[in-house]
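Coordinates in review
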Number of protein chains: 6
Amino acid sequence: MKPELVALGESLIQFNALSRGPLRHVTLYERHIAGAETTVAVTARRQGISSGIITRVGDDEFGKAILAWLRGEEVDVSQVRIDPDAPTGIYFVQRGFPIPSKSRMFYYRSGSAGSRLSPSDIDPEYIGSAKVFHVTGITPALSESAREATYKAVDAAYRDEVTISFDTNIRPVLWRSEERAARVLKPIIEKTDILFTDPADSRILLGETELEAILRGFLSMGVGTVVVKMGEKGAVAATSSERASADSIPVYVEDPIGAGDAFAGTFITSQLKGRKLKESLERAIIAGTLVVTVRGDEEAIPSESDIDANIHI
Amino acid sequence: MKPELVALGESLIQFNALSRGPLRHVTLYERHIAGAETTVAVTARRQGISSGIITRVGDDEFGKAILAWLRGEEVDVSQVRIDPDAPTGIYFVQRGFPIPSKSRMFYYRSGSAGSRLSPSDIDPEYIGSAKVFHVTGITPALSESAREATYKAVDAAYRDEVTISFDTNIRPVLWRSEERAARVLKPIIEKTDILFTDPADSRILLGETELEAILRGFLSMGVGTVVVKMGEKGAVAATSSERASADSIPVYVEDPIGAGDAFAGTFITSQLKGRKLKESLERAIIAGTLVVTVRGDEEAIPSESDIDANIHI
Amino acid sequence: MKPELVALGESLIQFNALSRGPLRHVTLYERHIAGAETTVAVTARRQGISSGIITRVGDDEFGKAILAWLRGEEVDVSQVRIDPDAPTGIYFVQRGFPIPSKSRMFYYRSGSAGSRLSPSDIDPEYIGSAKVFHVTGITPALSESAREATYKAVDAAYRDEVTISFDTNIRPVLWRSEERAARVLKPIIEKTDILFTDPADSRILLGETELEAILRGFLSMGVGTVVVKMGEKGAVAATSSERASADSIPVYVEDPIGAGDAFAGTFITSQLKGRKLKESLERAIIAGTLVVTVRGDEEAIPSESDIDANIHI
Amino acid sequence: MKPELVALGESLIQFNALSRGPLRHVTLYERHIAGAETTVAVTARRQGISSGIITRVGDDEFGKAILAWLRGEEVDVSQVRIDPDAPTGIYFVQRGFPIPSKSRMFYYRSGSAGSRLSPSDIDPEYIGSAKVFHVTGITPALSESAREATYKAVDAAYRDEVTISFDTNIRPVLWRSEERAARVLKPIIEKTDILFTDPADSRILLGETELEAILRGFLSMGVGTVVVKMGEKGAVAATSSERASADSIPVYVEDPIGAGDAFAGTFITSQLKGRKLKESLERAIIAGTLVVTVRGDEEAIPSESDIDANIHI
Amino acid sequence: MKPELVALGESLIQFNALSRGPLRHVTLYERHIAGAETTVAVTARRQGISSGIITRVGDDEFGKAILAWLRGEEVDVSQVRIDPDAPTGIYFVQRGFPIPSKSRMFYYRSGSAGSRLSPSDIDPEYIGSAKVFHVTGITPALSESAREATYKAVDAAYRDEVTISFDTNIRPVLWRSEERAARVLKPIIEKTDILFTDPADSRILLGETELEAILRGFLSMGVGTVVVKMGEKGAVAATSSERASADSIPVYVEDPIGAGDAFAGTFITSQLKGRKLKESLERAIIAGTLVVTVRGDEEAIPSESDIDANIHI
Amino acid sequence: MKPELVALGESLIQFNALSRGPLRHVTLYERHIAGAETTVAVTARRQGISSGIITRVGDDEFGKAILAWLRGEEVDVSQVRIDPDAPTGIYFVQRGFPIPSKSRMFYYRSGSAGSRLSPSDIDPEYIGSAKVFHVTGITPALSESAREATYKAVDAAYRDEVTISFDTNIRPVLWRSEERAARVLKPIIEKTDILFTDPADSRILLGETELEAILRGFLSMGVGTVVVKMGEKGAVAATSSERASADSIPVYVEDPIGAGDAFAGTFITSQLKGRKLKESLERAIIAGTLVVTVRGDEEAIPSESDIDANIHI
């Protein structure tokens, strides 16, 4: 049975600092499963949309941990390749330092199994049978072969009229230059139906940081729905004919990482279920808010009824 | 020596999740002593009012832990029966999920020693010698025999003109129906001198959720002092002739469970010490506020001087 | 696809004390997945034999944790029923006290979902398609309906000539009397192909505690292979025509619980793979030894190659 | 009601290193209640002999922790004085370093409340009503006033024919010189009925390290029963007419501190209950063995039935 | 090579409660390095100003931990004396109780190595070669000899025209009376170039609690720059000719201890680097804010670029 | 001031599993500083021999942690290069699985700063001023440039008649083939004065696994002192004219990693101090034994007096 949502990207092990502050003084780390697209797949599944992930993990204990987690979450792993020649990608999270409400990531993913994703990992039929295909700007930044795999996957989705969801997610450390990032991502954006972005990425992609210019810019590139995340100022979603916005929810931030992916996954799921733009946005914000209250990106992803409980307080 | 405050209700072991989020992903749990009425008894004692608890625990390690804790807190345990045929009641606390500022409880108390409380556990003389008798809506919900024990205890207190303090505390999962809850609790309320409640419980008991209607409703049932807890909106206390209100204190919420009982215990104690309605309310809010800053219901209950320190900052 | 090994019994949540000593003084507990038959199913799967478990869990966070774990381990969960009316069974482990090398269990499984297993949970075809059916003396002790379910399952296996594996596993606290245990278990034993037992259980079942008498007794009841576990003295396996023994491996004991099930699962798997009695026994002892070095019953179950690594040191 | 066993000595807070090795690299510490004589009082009570402790604690959180613990253990605290002018004594435990099976203590008890014990803390009647009075060589080493208090207490016990139990327990760091230790302790030993010692202390007190010479030496000083602890070689007890010995029990050593006091408390209790010398010794060794398996001196002290469970394995 | 900033004061070990609430219920403690002046020295070094500390530690594991930490931070330890006759000073931190946003300290520093600082520890040349000498009101409160050492050091700095930085830091528990504190500290203040204080200390020193009066008072005593910390109301710095103020930054408070010293160290460093008063103040507030987000005083002290990251968000 | 012992090799961050068993089920990890040669340098310094390490770390938090640790240990870091283009090398330790007494390492050091060690990092004068130069078989296995650096360093030591100490330490995962390992290491061995090895490495290097053949083989290659570590069977040291052996010390194994390096460092130090072969061996075994009792390679390295304490028990 083919999943309704298919995501492409590296599944990683995250080592989250138990204490805040610079990692040089942190002695205990907590292991979690992460990866931007992986989190979107888990979000969809927890909210009742079947999902699958296309990725590579190493033939090691961390790869086994990722597989067990995904199976436990009922995410389809038929497209997870175990690469015998490279370790599973990992990264470390420094929380609350130097900026109290932010986290900083230290990657050990260069040469990882996930960075070796290549066109051979892409089964066009698997993607073509889905309702939505999701990828982020991280995957094409991992390596040349991963970029090619992304293009192949996007093309497959486009050809079969699968809704393409794309989160710009530009991680500067993974790119040679901002120009390179823009050049690689634009062809994807031009085929994107649902785009998630923020002012920082929009500056790189469009040269714009103001909301109206961002919306106008991406819509004019052919994007169907543009969703702009503005941190404490909430989020806005727009199509060529409709506009909705929603406030952020103030909450104690344990670790913001993963919130954007739970947000994206919930927005997509809500849209798939036929919800209105504004309701989709509000539900997405609730999901993102819950994720920032915990360490780990995927543990606190809400189900549909968990979100309902927040709406009906 | 008979205690000044006597409480009736199940003492339980609480397993509090070390991490926030759904329990399915929480691996470490911290053991605490809990039980609504138990917390009131500990609060009174810590603030200089002798107290005792009428309860049952199992003949097991958890029962021993409860007894040691109560003795350590100098709560009289002469009326704690060790039931050889049932385990000590326990429950688990899921924190911050699905609603970030709330906790959810998972009980394992059906058939527990505490649920087997019965009229045979009630010594009318023990209650009759006290100044205040306290019980909550939880105890009569535990079982038929526990309901009978509650009625017997309330009657004993009423007969000997002991001040009756009652916290409505309706836990839906413990009742067959809201109607049943209302039917069982109303006879107690009619004998109550100090009543603690909130809009949610008032809806079930009175069909009212507005403050004025709640106050009017309970006062007209003969309650002496009605205290309505309104969460972030603070609390109000009223008698037929007097009214006082106090604001809540914004604070980081680690776990809200137990706050209502520390609030009630402090309000009762303050009244016993002759404090004014408003001062009693303010002190009660400080106590409740401290309890939400920690896991565990009883560790952070303040002494009188601890409360003073908050007033004189 | 039907699994090669099918097990029947309650999957439970285990709360293992982080510190040794009496639980009354232990404040931190670590959550694990357990259940004697569940552990056998996980053992088989980790060693390359497909497996499935027939059980019931509650519609709660702990039930979800069990399902996620089993899916992660690739144990078939098609026969796990989610019971909306009862909580998932749990128990607590006290380690190293009062006997330094032993653990003591405190159950909260009376009235649990798992104790409500009934004949309606048994699909004879599911069992009939397996190569091995495994159950222990715990399942028929849980309740009348669980006993009937066990009989129905054993009969189904017997009818379809599925190898029946049975671990006597008599937990005194679950039985009204030793006589009752013997009476209920004997009809199962008479259909058993591979029997796991120890001198303590054999005393109850046969009135014998000496090895030779135990072997003779069970073989004369029609058991094909009798495996007697003798703690530090190792283990012996015998058929009517063959005999093998293996020494125990001295190791630091963190928690012995679960070792017997990893032992049984490995012995069965080894036999299914055509290994000799002695080799099967040696491999089973290695598996059991690894399990006692950790808290949790299933985390340290070895794969086939993990066992090989111990043999070729 | 006067307790059957009265002990005199400083109750302390122990901070036990969570990890082995030199404390300079240990970041987490676990708080426990300790004190040689306190542990003996807890041991007696847990085994059914009422007990009380004469000590001083500070008017601080650590003093409150000690009082709550003792009340929880039902040790009489009527003779615990809260000293407003000095902090509660504390110490740190370094485990397994530099000698793997040993612990090293770092005291912060100079000037502590307990070190200010003085003759004014001694109520001769309280001691005179007991069956046994217990003290160790630590108390008279704390300060001049503590030495005087010890003499006063020993005299009171002697006068009223209360059995005097004394553990030599010479901690070099607390004494100016070995000569001083010997001079101070000998007058106590001469009044002692049950003496606990080891070869190291005997060298200081008698100039002897050989078992026979030690026994002879102390018996000739008038001691009724001499108990010599010889670590891995077990223990020997002797009166002028009887002799018994018992082997040590090999076990994983988490922290040996406190074992000697659980041993002494159990030996005394067994004697009070009329047990034979050898059985008393065997039970004492079981108690000491359990204590070394955990951090903390008092958590794993066994009850009488816990000891029985070890005997009847 | 002589350091640019020299600080004088006791380096201590801090045991910080892992959980909030009264210490009597806290079982786990985390070890950190602390000491007001030590934190200033570490702050300077982390921000590029070489620094050294004049202190005494015991010849014990905690003294070794302090030395290793300081060396790790590249603070010059040539003036740290290892005192063979006294233990390293320690203290315990109770967090969030009884006032939710504050911590309470329990000292074990009476008789500590650091309290034995004396004029013999002061090398005038070492101080005279520095650009800034820093001390707080804690050091002269430790003992008579420590007071003399402080005076000697201040005189040496004054003589060689080293900038004298002084934080009033009056800890009531360390002083016999407020008058005594004022009498001892005033001669230091009269030589101070940069003074850090708050309204509570100013009341003791000047009899003033209002900002304008405080500034006027200290400036008229000859202080060059007065910095007044006003908690949630921010901070103000003034010279006879200039004035600057900065707001506090709202943030979750894990433990406020140490924030004032990171603030002072950053202000001094910024001034040394030629920054304006207002910028120095803003940077100091960022440093102090980061320190309150963690347990431990020195782990989260920011570098210059860490502060920049907060300014350019 | 040039150090007496200079070591060359990658300093790493080690993440040690808090729980035993396969890493896929381990969620908490403890950070330590490691690296075979680094551990030897720390060992020497802790035992009174000045030391320095030649290595590279990344310009990241983990590199900063390594530098702070080394400075804290007073190891000279003047030859530690901070490589801006590569991350600090790290690895994970799986304890007790699949072999109960062993650990398994998972490296993330390919492309790490340390693997980029090159001849440009080698200052011949720095090495030439030392008394001993130490390196292991790991360094030349890291990369081509690291191999060249090793050869350059060995040559520099050889030229200036610095004692060359070499530990064969063949990690199969770091080598293309056993033949390659042998070919690279033999030229080093031929210049080695003190060689540490074991039967497994000797098989690869000499084709021999028997003690006598190993000793003969290496001595005939020109090695001055050959030390063969034989695990539970102890160790043997031999020169052409002398022979000594020492037994292993049975102890609970928390994590064996690092023991060999503490052993080597202690043996070298003892030789430098003029101790006899046998005494050097016995002291080395004590050091190695202490290291296996803890997680982390360097925390429990003993000082000279710590070793003495074990000898004079």
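In this report, we go over the structure that sits alongside the text. (Residues numbered from 1 in each chain as written. Chains lettered and ligands numbered in written order. Predicted model: local features only at pLDDT ≥ 70, side-chain atom pairs only at ≥ 80, totals over all residues. Heavy atoms only, no water.)

Counting its secondary structure elements, chain A contains eleven helices and 13 strands. For chain A, whose C-alpha radius of gyration is 18 Å, the value lies close to the compact-globule estimate of 20 Å for 313 residues. Projected onto the principal axes, the alpha-carbon positions of chain A cover approximately 50 × 45 × 40 Å. Burial analysis of chain A (313 residues in total) assigns 65% to the buried set. Put simply, 72% of the contacts in chain A that link residues at least 6 apart link residues at least 24 apart. Element-wise, carbon and sulfur atoms account for 48% of the exposed surface of chain A, whose accessible area totals about 10,700 Å². For chain A, the distance from the average site of its 36 positive side-chain charges to the average site of its 44 negative ones is 3 Å. (Helix = DSSP H or I, 4+ residues; strand = E, 2+ residues; numbered from the N terminus. Rg over C-alpha atoms; globule rule 2.2 N^0.38 Å. Buried < 20%, exposed > 50% of the residue type's maximum accessible area, 1.4 Å probe, protein only. Contact = heavy atoms within 4.5 Å. Areas by Shrake-Rupley, 256 points an atom, 1.4 Å probe, with all protein chains shown as cover. Lys, Arg positive; Asp, Glu negative; His and termini not counted. Charge placed at Lys NZ, Arg CZ, Asp CG, Glu CD.)

Our next topic: the pairing of strand β3 (residues 28-34) of chain E. In terms of burial, β3 of chain E is a largely internal element, seven of the seven residues being buried. Burial along β3 of chain E is two-sided: L28, E30, H32 and A34 of chain E and Y29, R31 and I33 of chain E, pointing in opposite directions, are all buried. As paired elements, strand β3 (residues 28-34) of chain D and β3 of chain E share three bridges and run antiparallel to each other. In the sheet register, E30 of chain D faces β3 of chain E, and the bridge partner there is L28 of chain E. Direction of pairing for strand β2 (residues 12-17) of chain E relative to β3 of chain E: antiparallel, over a ladder of six bridges. Counted as the bridge partner of N16 of chain E is E30 of chain E from β3 of chain E. (Pairing = 2+ DSSP bridges.)

Mapping chain D onto chain F leaves a residual RMSD of 0.0 Å; the transformation is a rotation of 120 degrees accompanied by 0.0 Å of translation along its axis. Taken together, the rotation angle and the small translation identify this as a three-fold axis. Closest approach to the rotation axis within chain D is made by the C-alpha atom of Y252 of chain D, at a distance of 4.5 Å. A share of only 8% of interface residues in chain D that are also interface residues in chain F marks the association as one of differing surfaces. (Least-squares fit on C-alpha atoms with pLDDT ≥ 70 in both.)

On to unusual backbone geometry. The omega torsion of the bond from F97 of chain A to P98 of chain A falls at 0 degrees, within 30 degrees of zero and hence cis. Residue position: P98 of chain A is located in the loop between β6 (90-95) and β7 (103-108). You will see that N169 of chain E, though not glycine, has its phi angle at about 40 degrees, which is positive. Within the secondary structure, N169 of chain E is located in the loop between β9 (163-167) and α6 (178-189).

Here the focus is the arrangement of the chains. Of all C-alpha pairs spanning chain A and chain D, none lies closer than 9 Å, and the two are not in contact. Between chain C and chain E there is no contact, and the shortest C-alpha to C-alpha separation is 9 Å.

Before going further, it helps to examine the interface of chain D and chain F. With 13 residues of chain D in contact, the opposing surface of chain F contributes 17 residues. Taken together, the two surfaces of chain D and chain F that pack against each other cover about 1,100 Å², and 68% of this comes from carbon and sulfur. It is H25, F97 and P100 of chain D in chain D that bury the most area against chain F; as a group they hold 40% of the surface buried on that side. Our enumeration of links across chain D and chain F arrives at zero salt bridges. Linking chain D with chain F are two residue pairs in polar contact (both at pLDDT 80 or more), by the criterion used here. Its residues assigned to classes, the side of chain D that touches chain F shows six nonpolar, four polar and three charged. (Buried area = accessible area lost by both parts, 1.4 Å probe. Salt bridge = Lys/Arg side-chain N within 4 Å of Asp/Glu carboxyl O. Polar contact = N/O pair within 3.5 Å; in protein donor to acceptor, adjacent residues only side chain to side chain. Nonpolar A, V, L, I, M, F, W, Y, C, P; charged D, E, K, R; others polar.)

A word on the pattern of salt bridges. Within this structure, the stated rule accounts for 156 salt bridges over all chains. Among the salt bridges present, the one from E279 of chain C reaches R275 of chain C, with a minimum N-O distance of 3.2 Å. Here R56 of chain E makes a salt bridge to D83 of chain E, at a shortest N to O gap of 2.8 Å. Separated by 27 residues along the polypeptide, R56 of chain E in strand β4 (residues 51-58) and D83 of chain E in strand β5 (residues 80-83) bring together distant segments of the chain. The class of R56 of chain E is buried, set by a relative accessible area of 9%.

Let's shift gears to the packing of helix α10 (residues 277-292) of chain A against helix α11 (residues 304-311) of chain A. Helices that pack against each other are described as a pair by the angle of their axes relative to one another and the distance between those axes. Residue and element names in this part refer to chain A. At a minimum axis distance of 10 Å, the contact between α10 and α11 shows a crossing angle of 100 degrees. The angle between α10 and α11 places the two elements in the roughly perpendicular class. Touching R283, I286 and L290 of α10 are E304, I307, D308, N310 and I311, all from α11. Residue classes in the contact of α10 with α11 are distributed as four nonpolar, one polar and three charged. (Axes fitted to C-alpha atoms, helices over the stretch in contact; angles between N-to-C directions. Parallel < 35°, antiparallel > 145°, perpendicular 65-115°, else oblique.)

Let us look at the nonpolar core. Of all hydrophobic cores here, the largest spans 102 residues; its most connected members are I90 and F92 of chain A together with I90 and F92 of chain F. Leaving out residues up to four positions away in the same chain, I90 of chain F has contacts with I90, F92 and Y108 of chain A together with L12, I13, F15, F62, Y107, Y108 and R109 of chain F. (Core = buried A, V, L, I, M, F, W, Y, C linked by side-chain atoms within 4.5 Å.)

An order of β7(B)-β6(B)-β2(B)-β3(B)-β3(C)-β2(C)-β6(C)-β7(C) is seen for the eight strands of this open sheet, with the pairing classed as mixed. Each edge of the open sheet carries a strand with a single partner, namely β7 (103-108) of chain B together with β7 (103-108) of chain C. Along the sheet, successive strands turn relative to each other by an average axial angle of 30 degrees, direction set aside.

On to the relation of the copies chain A and chain F, then. Between the two copies, chain A and chain F, the superposition gives an RMSD of 0.0 Å; the rotation angle is 180 degrees and the shift along the axis is 0.0 Å. Such values leave the two copies arranged in the relation of a two-fold axis. Ranked by how close their C-alpha atoms come to the rotation axis, the residues of chain A are headed by Y29 of chain A, at 2.6 Å. Residue by residue, 100% of the interface of chain A is reproduced at the interface of chain F, so both copies engage with the same surface.

Moving on to the packing of aromatic side chains. Enumeration according to the criterion identifies 66 aromatic pairs over all chains in this entry. Both rings, one in F62 of chain B and one in F92 of chain C, keep their centres 4.9 Å apart while their planes meet at 85 degrees; by these two values the pair is edge-to-face. In this pair, F62 of chain B is assigned in helix α2 (residues 61-72) and F92 of chain C in strand β6 (residues 90-95), connecting two distinct chains. Per residue, the accessibility class of F62 of chain B equals that of F92 of chain C, and both read buried. Geometry around Y158 of chain D places K191 of chain D over its ring, the cationic atom sitting 5.6 Å from the centre. (Phe/Tyr/Trp six-rings, centres within 6.5 Å; stacked < 30°, edge-to-face > 60°. Lys NZ or Arg CZ within 6 Å of the ring centre and 35° of its normal.)

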